[in-house]
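Architecture and fold: a report
Residues per chain, in single letters:
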Amino acid sequence: MAGLPPLAGYLGHEAYLDTFWNAARHGPGAGEEWVLAALVAGSALTATYAVRYLWGAFASRPGTEPTPQEDPGDRALGMAVPIAALVAATLGLGMWYPGTEALTEPYAALLPSPQEPYHLALWHGLSPALLLSAAALAHRPPAVPPAPGPVRGARQVPPAPPTRRAATGRRSAASTGRPRG
């Protein structure tokens, strides 16, 4: 998703960035520049989301206690197999781009294109699509907010006492709209 080489997502990012770059420069109408800018911004947000996801999965916030680890036991294989299959497919389809192109070419041939056909590759040389991809990846994600906790110098507010409903599990007469009695 983040468009990192040599993964399959990188091939997709390069393909659409190249296509919309050419449309913005040589397209028949106006507005392709905005679409290209939106795609680059979307790529930057996707890269940010991927970094945030990895941070949440594998890093810990300063000032908070780490999440307790439990032994997954028998669930470990059930969790690892699907993840390994997806990682292998993403890496395999990215590295084996001629095969990925052979899989996607029949669909791409159905679409009309005034341009010459695009060919998947991990390296097309220095191109505008590569620079746009690098700009999207170089976008600095926002800082992770500080961990919640007491603020130095702030007055501590005690929690509210439990309500009668919470204490007894019953609704009070005021909450039912019926008079007491």
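Residues numbered from 1 in each chain as written. Predicted model: local features only at pLDDT ≥ 70, side-chain atom pairs only at ≥ 80, totals over all residues. Heavy atoms only, no water.

**As for the nonpolar core**
- Counting 8 residues, the largest nonpolar core consists of Leu17, Ala24, Leu36, Val40, Ala44, Ala129, Leu132 and Ala136.
- Among the secondary structure elements, those contributing two or more residues to this core are α1 (8-26), α2 (32-58) and α5 (128-138). (Core = buried A, V, L, I, M, F, W, Y, C linked by side-chain atoms within 4.5 Å. Buried < 20%, exposed > 50% of the residue type's maximum accessible area, 1.4 Å probe, protein only. Helix = DSSP H or I, 4+ residues; strand = E, 2+ residues; numbered from the N terminus.)

**Side note on α2**
- Look at α2: 39 Å from first C-alpha to last across 27 residues, which is about the 39 Å you get at 1.5 Å a residue.
- Taken as a whole, α2 has its buried residues at Glu32, Leu36, Val40, Ser43, Ala44, Ala47, Thr48 and Ala50.
- Against the buried residues of α2 lie α1 and α5. (Expected span 1.5 Å × (residues − 1). Contact = heavy atoms within 4.5 Å.)

**Overview of the packing of α1 against α2**
- Viewed as axis vectors pointing N to C, α1 and α2 meet at an angle of 155°, and their least axial separation amounts to 8 Å. In terms of orientation, α1 and α2 fall into the roughly antiparallel class. As for the relative orientation of α1 and α2, their crossing is left-handed in sense. Side by side, α1 and α2 meet where His13, Tyr16, Leu17, Phe20, Trp21, Ala23, Ala24 and Arg25 of the first sit next to Glu32, Glu33, Val35, Leu36, Leu39, Val40 and Ser43 of the second. (Axes fitted to C-alpha atoms, helices over the stretch in contact; angles between N-to-C directions. Parallel < 35°, antiparallel > 145°, perpendicular 65-115°, else oblique. Left-handed = near helix turned anticlockwise from the far one by under 90°.)

**Topic: the environment of Tyr118**
- Residue placement: Tyr118 occurs in the loop between α4 (97-109) and α5.
- Here Tyr118 is in contact with Glu14, Ala15, Asp18, Glu101 and His124, once residues within four sequence places are set aside.

**A short note on the confidence of the model for the protein chain**
- When pLDDT is averaged across the protein chain, the result is 75; 72% of the residues are at 70 or more.
- Per-element averaging of pLDDT across the protein chain places helix α7 (residues 173-176) at the bottom with 52 and helix α3 (residues 75-95) at the top with 87. (pLDDT = per-residue confidence, 0-100.)

**Structural notes on a nonpolar patch on the surface**
- There is a patch of nonpolar side chains on the surface, built from Met1, Tyr49, Tyr53, Leu54 and Phe58 and spanning about 690 Å² of accessible area.
- Counting through the fold element by element, Tyr49 comes out in helix α2. (Patch = residues over 30% accessible without salt bridge, like charges linked within 9 Å, V, L, I, M, F, W, Y side chains within 5 Å. Areas by Shrake-Rupley, 256 points an atom, 1.4 Å probe, with all protein chains shown as cover. Salt bridge = Lys/Arg side-chain N within 4 Å of Asp/Glu carboxyl O.)

**Brief notes about α5**
- Regarding α5, the residues found buried are Ala129, Leu130, Leu132, Ser133 and Ala136. Around the axis of α5, the buried residues are gathered within 165° of arc, so they sit on the same side. Among the exposed residues of α5, those oriented more than 90 degrees off its buried face are Leu131 and Ala138.
- Residues of α5 that are buried make contact with α1 and α2. (Arc of directions from axis to C-beta.)

**What to know about the side chain of Ser43**
- Secondary-structure assignment places Ser43 in helix α2.
- A polar contact is formed between the side chain of Ser43 and the side chain of His13, at a distance of 3.4 Å.
- When residues no more than four places from it in sequence are discounted, the contact partners of Ser43 are His13, Tyr16 and Ala136. (Polar contact = N/O pair within 3.5 Å; in protein donor to acceptor, adjacent residues only side chain to side chain.)

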